[in-house]
Amino acid sequence: MMLLVALALSAELVIAARVLTERAEAELDQELVHEGDKLRDYAERAVDPATGEPYREVRNLLAGYLAEAVPDADETLFSLVDGRPAHRARAEPPARLDTDPRFVSRIAGLSQPESGTVASAAGPARYAVFPVRLEGAPDTGALVVVEFAAPVEERVASTVRVLAVVSFVALTLAGLASWQVAGRVLAPIRTLRRTAETIRESDLDQRIVVTGTDDVAALAHTFNEMLDRLQSAFAGQRQLLDDASHELRTPITVIRGHLELISDKPAERSRTLALVLDELHRMNRLVDDLMLLAKAERPDFLDLSEVDVTDLVMEVLAKASALGDRQWTVSDAAEQTVLADGQRLTQALMQLAANAVRHTRPEDAISIGTTVVDGRLRLGVSDTGTGIAPEDCARIFDRFARTGHRGDRGRRGDGAGLGLAIVASIAHAHGGRVLLDSTPGKGSTFILDLPLVPADGHHHDTATAATGRSEARR
Ligand SMILES: Nc1ncnc2c1ncn2[C@@H]1O[C@H](COP(=O)(O)OP(=O)(O)OP(=O)(O)O)[C@@H](O)[C@H]1O
Ligand SMILES: [Mg+2]
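None of the values given here were measured: they were computed from a predicted structure.

What follows concerns the sheet that holds strand 6 (residues 123-132). Across the sheet, five strands lie side by side as 4-3-7-6-5; this open sheet has antiparallel pairing. Strands at the two margins of the open sheet, each flanked by one partner only, are strand 4 (84-88) and strand 5 (114-120). Neighbour-to-neighbour, the strand axes of this sheet turn through a mean angle of 30°, independent of strand direction. Where strand 5 and strand 6 come together, seven bridges link them in antiparallel fashion. For Gly116, the partnering residue across the bridge sits in strand 6 and is Tyr127. Strand contacts of helix 1 (residues 2-45): strand 3 (75-81), strand 6 and strand 7 (141-148), with the helix running at about 25° to strand 6, the strand carrying the most contacts.

Structure below.
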């Protein structure tokens, strides 16, 4: 950047020097032309003081003219008469050219005005020769005007020098100033970077102090928000790990206890083995469920395809009715083909059905159904079982959340408390949520409430589903 400015300034200096020189030369030429005009004037009006009449000889005319002429310091005038230097203006010139035979012989024979450049002891000079002829005069002559260019060049050079110095100083000052400004602008970013460097996974509670309202402040703010999200994501993962290891410890303890005390008697031995196998089976399920929950956070969790919801409901009913002897019915079956992950939806409905079975008795009814309401697809499982206390309704969707028999953990037949968490994850992944309506003693209805994404492709709800998903996850 500074280099560019420096280059531009140098180019400007070169151009300035050239323009100044050209102008100076033009001025010199102007002076020369002016001398010619003056001489013509003089020739027209002057009279020879010796005779009181107009000049009759070129020599005298030129002598008279030169006697009156007052040359500038860097100027000299002299006359040539019959090809030889005759008179010279009074002032002492920077260099004598009338004594330079080469120059004199070059201009001696001219019959037309001529101008040019000649080298002199005082550097290059511009000269002009004005041949003079008088009617009836016995001699011919010329007035020679010489403008020494050196002082002019010297002036240009010093002007350029001053310009260069001023430019350099300005450039340096501008450089320092922009360095300072850049430093001040970058300071908050540097702080940001330093803070970012110090933040480790272990201390995610550090935040950047936000001051002001500019872009940098906004950046810091965004950064802090990102840290908030990271922190809660890490906390969530740690919580999951804690929960998982806690839950896995129970069956491991049970298995170890049984195996340590295993007896030699075949009957007891096979009973212990059955127990151990049962615990292992539970552990296996737990691990599978945890894997599923972990996977639900990933974008490739769903495998979308065309799903006929009526088929889906009938299939779930067929599978679920094997879970227990209940009054199984289909409540509604909307005719609809949607874009969804049929396997995950089946999985969710099966979890709900399994819960329903667990909280009902054989004489109770369980119904599965699907409806389309206000552009939303609803898949529901209702039971006429025990129902859920209002204070538990939100909590049971958490991982490892169970109601009632809390001291009874790890007993046969109890779930791990992951089922509803899985149901909620599947609903969220589809951009929806789970609704619960339950009355203790009367029964419960769980509904997967999803955005309707018809499978005919060109429907705007695909986008809605995607945004809905991110909202549901939050
Ligand atoms: N249909 C229902 N009727 C009454 N209570 C229910 C019903 N469904 C769930 N619950 C309550 O919600 C709790 C959590 O259910 P969830 O499916 O998450 O876990 P779980 O069934 O205990 O274990 P898992 O599903 O992992 O085997 C259950 O322990 C139960 O107390
Ligand atoms: Mg369950």
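Residues Leu379 and Leu448 are the most contacted members of the largest nonpolar core, which totals 56 residues. With residues up to four places along the chain from it excluded, the contact list for Leu448 reads Leu345, Ala348, Leu349, Leu377, Arg378, Leu379, Val423, Ala427, Arg433 and Val434. Counting 20 residues, the second-largest nonpolar core is a separate cluster that includes Leu32, Tyr55, Tyr65 and Leu143.

As a structural note, the neighbourhood of ligand 1 is formed by 22 residues, with Arg285, Asn355, Thr403, Gly417 and Leu420 the closest of them. A distance of 2.9 Å separates an oxygen atom of ligand 1 from a polar atom in the side chain of Arg358. One of the backbone N or O atoms of Leu420 is found 2.8 Å from an oxygen atom in ligand 1. For ligand 1, whose unbound accessible area comes to 590 Å², protein coverage reaches 98%. Of all the secondary structure elements, the ones that give two or more residues to the shell around ligand 1 are helix 8 (342-358), helix 9 (419-429) and strand 14 (443-451). Of all the elements, helix 8 adds the most residues to the shell around ligand 1, at four residues.

Conventions adopted
Position numbers for residues start from 1 in each chain and track the written sequence from start to end. Written order determines the labels here, with chains lettered from A and ligands numbered from 1. A pLDDT threshold of at least 70 governs which residues receive local features in this predicted model, and a stricter bar of 80 or more applies before side-chain atom pairs are shown or counted, although totals over entire chains, interfaces and linings include all residues. As a rule here, side-chain values come from all non-hydrogen atoms in the structure, and water together with hydrogens is ignored. In this analysis, strands are considered paired if DSSP registers two or more bridges between them. Strands are runs of DSSP state E lasting at least 2 residues, helices are runs of H or I lasting at least 4, and numbering of each runs from the N terminus. Note on method: axes are straight lines fitted to C-alpha atoms, helices fitted across the in-contact stretch only, with angles between N-to-C directions ranging 0 to 180 degrees. Two residues form a contact once any of their heavy atoms are found within 4.5 Å. Each nonpolar core is a collection of buried residues, namely Ala, Val, Leu, Ile, Met, Phe, Trp, Tyr and Cys, held together in the definition by side-chain atoms within 4.5 Å. Three exposure classes are used, based on accessible area relative to the maximum for each residue type with a 1.4 Å probe and protein chains only: buried under 20%, partly exposed in between, and exposed over 50%. The rule for a residue being near a molecule or strand is that one of its heavy atoms must lie within 4 Å of it. Counted as a polar contact is a pair of N or O atoms within 3.5 Å, where, for protein atoms, one must be capable of donating a hydrogen and the other of accepting one, and residues adjacent in sequence contribute only when both atoms are in side chains. Surface exposure here means Shrake-Rupley accessible area, sampled with a 1.4 Å probe, where a residue is shielded only by the protein chains that are shown.

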